[in-house]
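The primary structure of each chain is shown beneath.
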Amino acid sequence: MMTMSRLKYILLLAVIATTMGAKADTDRSRRYDYFFMEAMMEREKGNNTAAFELLRHCVDINPKASEAYYFLAQYYGVMKDKGRMLACFQRAADLNPQNTSYLETLAQAYIDNGQNDQAIATLEKLITADSDRADILEMLGQLYQQNDDYANTIKTLDRLEQLEGKSERLSYAKSDIYPRQGNKKAAISEMKKLADQYPNDLNYKGMYGDVLLMNGEAPKACAIFQDILREEPDNNHALVSLRAYYEQEGQQEAADSVTLRILLNRNTSQEARVAIMRQEVNDSEEAGGDSTRVLHLFRQLMTLPLKDGDLPFLYAAYMEMKKMPEDSIKTVLDRVIQLSPDNAPARLRLVGYAWKRERMADVISLCEAARQYNPDNIAFYYFEGMACFRQDDKARALDIFTRGVKAANPKSDPSLMADTYGFIAEIQARANRMKEAFAAYDSCLQWRPDDPFTLNNYAYFLCLTGQQLDKAERMSQKAVQAEPDNANSLDTYAWILFLQKRYAEARIYIDQALKNDTDHSATVLEHAGDIYALNGDIDRAVSFWQQADKAEPGNKLLARKIKQRRYIKQR
């Protein structure tokens, strides 16, 4: 038998142990709270590595701390560790199933990971905890539909309807799902209920007709559309649906008649008119391309008070496709600009017509106006500058080109940018502002690095100044490699070799230049004479000089070379 004193001793030890355990739990809780707060502070500071390590220490201290798992999951997500992320979100939700934020985040993580079944199960838990969440029911409905679970999709839509009340959106959604279950009658019944509930709303009546048409009840649908139009002749919904009915029944003439009614209907939006005409153009082309009917529709539409230039622009594009007279197209494009002065493609087409007819004043006028509405479109600066250049107004051309490259952006057309810089370089070079010309050529090559025309011109002007002949030789060689039959490029390369005193090589390339020079250029012929002279063939040199003099008389230095039968360096 245990003595009383022994029993008291054992009871005392139990009390001490319990007290020590409670103290240990309290210490662990304090340690957890300390490290969790430290983790949140580091998170706020943006010290994410420190926060992550502190959170890991937190779950070591307290494996039942849901909030630590929740924040850890976010860090695993950033680290693209989907497995650990999902595990931590799941652990947080398991530890605190009443926390709807945890459940919602877990569901979204499942959705992002393509785990629809797990997401559905989580969302069902969430909606059980918070039955007023319409957004969660929306997500559930989408997931059930993605899983082809139409029965549960309908059930979820019913739950939404109980929450929000009957609506066009939900009724139409259900009427779309029922046929997938093979239940067309239910689809029709659903929309009929909505139409009956709101008998004075012709929109719902029209939707009921649409569902009838889609589910094999075409005659009934047609009768409904006709009823609506008797009550409201300009009801656009009913017109569009009636047109679909006639097309479905193969009654094309009746469908065409309704199409015209829709297009001329005051309730039809501009966007809808454009969409219909695009479809009419496509249908016409697929049927053989007879433009008579389409042009008739466009002409009818041009009599309407249009709000913008989209419809006439489509008309102009169709006219161009059908190769109609440019004057007729120009008239329509002028209408586009009147309605939409910022329509850059329409203005560019007008610029193209004016350029084709060499009406440079019109080009300048069109581009000046366009730049007010499209200040960063390099094309308008380019064509205006080119028109000024063609009119021999180099100063104005340079001003326009310079403004153009300043207004450009990284999305500007590289080809136009390169050409614009190329013209700037040419104008500067002709004005003997070689520093500015070379800078422009460098910019040109940034936009189009391997352009043989630019490489040749840049190299030629470098060699004229006697500067950077090695650079000029490299660029000229690239131009020749790109266009081995180009007489200008061959002449430039030959002349650079000549200036480098590589006379034998220069003769090879000047012979190729002469072979490809169909214009019998005085410059090429004179260069040939100079190169042959320093190759020791003075008779051939004089012959080339004489041909050059005949091609371009009045060159005093050339006359001296012929008279003295020797190469004379130009000073």
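Residues numbered from 1 in each chain as written. Predicted model: local features only at pLDDT ≥ 70, side-chain atom pairs only at ≥ 80, totals over all residues. Heavy atoms only, no water.

Trainee: Give me the lowdown on the overall build of the protein, citing residues and values where you can.
Mentor: What the protein contains, in helices and strands, is 31 helices and zero strands. Taken over the C-alpha atoms alone, the protein extends approximately 145 × 90 × 40 Å along its principal axes. The burial tally for the protein puts 43% of its 571 residues in the buried class. In the protein, the proportion of contacts linking residues at least 24 apart, taken out of those at least 6 apart, comes to 46%. For the protein, the separation between the mean place of its 74 positive charges and that of its 82 negative charges on side chains is 5 Å. (Helix = DSSP H or I, 4+ residues; strand = E, 2+ residues; numbered from the N terminus. Buried < 20%, exposed > 50% of the residue type's maximum accessible area, 1.4 Å probe, protein only. Contact = heavy atoms within 4.5 Å. Lys, Arg positive; Asp, Glu negative; His and termini not counted. Charge placed at Lys NZ, Arg CZ, Asp CG, Glu CD.)

Trainee: I'd like a description of the confidence of the model for the protein, backed by residues and values.
Mentor: On average, residues of the protein score 90 in pLDDT, and 96% of them are at 70 or above. Segment residues 15-19: pLDDT under 50, and zero contacts once partners within four positions in sequence are set aside and those in other chains are kept. (pLDDT = per-residue confidence, 0-100.)

Trainee: Talk me through the packing of helix 5 (residues 100-112) against helix 7 (residues 134-146); I want residue IDs and the actual numbers.
Mentor: Where helix 5 contacts helix 7, the two axes come as close as 13 Å, and the packing angle between them is 25°. The pairing of helix 5 with helix 7 is recorded here as roughly parallel in orientation. Read as a crossing pair, helix 5 and helix 7 show a hand that is left-handed. Touching E104, Q108 and I111 of helix 5 are D135, I136, M139 and L143, all from helix 7. Of the residues assigned to the contact of helix 5 with helix 7, the class counts are four nonpolar, one polar and two charged. (Axes fitted to C-alpha atoms, helices over the stretch in contact; angles between N-to-C directions. Parallel < 35°, antiparallel > 145°, perpendicular 65-115°, else oblique. Left-handed = near helix turned anticlockwise from the far one by under 90°. Nonpolar A, V, L, I, M, F, W, Y, C, P; charged D, E, K, R; others polar.)

Trainee: Describe unusual backbone geometry, and please don't skip the residues or the numbers.
Mentor: In this model, D148 sits at a positive phi of 60°, which is unusual for a non-glycine residue. Here D148 is to be found in the loop between helix 7 and helix 8 (150-164). Unusually for a residue other than glycine, D392 sits at a positive phi of about 65°. By the element assignment, D392 lies in the loop between helix 21 (378-390) and helix 22 (394-407).

Trainee: Pulling in residues and values, what's your account of the pattern of salt bridges?
Mentor: Counting across every chain of the model gives 41 salt bridges. With its nearest N and O atoms 2.9 Å apart, the salt bridge here joins E285 to K322. Of the two residues, E285 is situated in helix 15 (residues 270-286) and K322 in the loop between helix 17 (310-321) and helix 18 (326-339); the sequence distance between them amounts to 37 residues. On the basis of relative accessibility, which here comes to 33%, the residue E285 falls in the partly exposed class. Of the charged contacts, one joins R371 and E384 as a salt bridge, the two residues approaching to 2.7 Å between their closest N and O atoms. Of this pair, R371 sits in helix 20 (residues 360-373) while E384 is found in helix 21, placing the two residues 13 residues apart along the sequence. There is no split in this pair, since R371 and E384 are both buried. (Salt bridge = Lys/Arg side-chain N within 4 Å of Asp/Glu carboxyl O.)

Trainee: Break down the packing of helix 25 (residues 452-465) against helix 27 (residues 487-499) for me, citing the residues and quoting the values.
Mentor: Taken N-terminus to C-terminus, the directions of helix 25 and helix 27 make an angle of 30°; their axes are 10 Å apart at the nearest point. Taken together, the axes of helix 25 and helix 27 lie roughly parallel to each other. Judged by the sense of rotation from one axis to the other, the crossing of helix 25 with helix 27 is left-handed. Where helix 25 approaches helix 27, its residues N456, A459, Y460 and C463 are matched on the opposing element by N488, S489, T492, W495, I496 and L499. For the contact of helix 25 with helix 27, a count of residues per class yields six nonpolar, four polar and no charged.

Trainee: Hey, could you go over the packing of aromatic side chains for me, with residue numbers and the actual values?
Mentor: Each aromatic ring pair is summarised here by two numbers: the centre-to-centre distance and the angle between the ring planes. All chains considered together, the criterion is met by 26 aromatic pairs. Ring centres of F401 and F423 lie 5.7 Å apart, and the angle between their planes is 20°; this geometry places the pair in the stacked category. In this pair, F401 is assigned in helix 22 and F423 in helix 23 (residues 414-430), connecting sequence segments 22 residues apart. Take F423: its relative accessible area is 17%, and that puts it in the buried class. Within the aromatic cluster, the residues linked to one another by ring pairs are Y32, F36, Y70, F71, F89 and Y102. In this structure, K394 packs its charged tip against the face of F389, placed 4.8 Å from the ring centre. (Phe/Tyr/Trp six-rings, centres within 6.5 Å; stacked < 30°, edge-to-face > 60°. Lys NZ or Arg CZ within 6 Å of the ring centre and 35° of its normal.)

Trainee: Hey, could you go over the environment of P233 for me, with residue numbers and the actual values?
Mentor: Along the chain, P233 falls in the loop between helix 12 (218-231) and helix 13 (236-248). Given a relative accessible area of 47%, P233 falls into the partly exposed group. When the C-alpha positions of P233 and R261 are compared, they lie 9.8 Å apart, and in sequence the two are 28 residues distant.

Trainee: Summarise the side chain of T259; cite the residues concerned and give the values.
Mentor: Tracing the backbone shows T259 in helix 14 (residues 252-264). The buried category is assigned to T259, whose relative accessible area is 1%. Non-local contacts of T259, meaning those with residues more than four positions away in its chain, are made with R243, I276, E280 and R293.

Trainee: Lay out the nonpolar core in plain terms, naming residues and giving numbers.
Mentor: Judged by nonpolar contacts, the single largest core of 131 residues is most densely connected at L242, M277, F298, L311, F401 and I510. With near-sequence residues (within four places) excluded, L311 lies in contact with Q270, R273, V274, M277, F298, L301, M302 and L306. (Core = buried A, V, L, I, M, F, W, Y, C linked by side-chain atoms within 4.5 Å.)

Trainee: Before we move on, can you summarise helix 29 (residues 522-533) with the specific residues and values?
Mentor: Over its twelve residues, helix 29 extends 16 Å from the first C-alpha to the last, a length consistent with the 16 Å expected when each residue adds 1.5 Å. Of all twelve residues that make up helix 29, eleven are buried, and the element is covered over most of its length. Among the residues making up helix 29, those that are buried are A522, V524, L525, E526, H527, A528, G529, D530, I531, Y532 and A533. The N-cap residue of helix 29 is S521: its side-chain oxygen and the backbone nitrogen of T523 are 3.2 Å apart. (Expected span 1.5 Å × (residues − 1). Polar contact = N/O pair within 3.5 Å; in protein donor to acceptor, adjacent residues only side chain to side chain.)

Trainee: Could you give me a rundown of the side chain of N343, with the residues and numbers involved?
Mentor: You can see N343 is positioned in the loop between helix 18 and helix 19 (344-356). Within the structure, the side chain of N343 is placed 2.9 Å from the backbone nitrogen of A346, a separation counted as a polar contact. Those residues in contact with N343, other than ones at most four positions away along the chain, are F313, V336 and I337.

Trainee: A description of the state of the cysteines should follow, citing residues and the corresponding values.
Mentor: For the structure on display, the rule yields zero disulfides. As a non-bridged cysteine, C88 has C58 as the owner of its nearest cysteine sulfur, 13 Å distant. By relative accessible area, C88 is classed as buried at 9%. For C388, which is in no disulfide, the shortest distance to another cysteine sulfur is to C367 and amounts to 9.1 Å. (Disulfide = S-S within 2.5 Å.)

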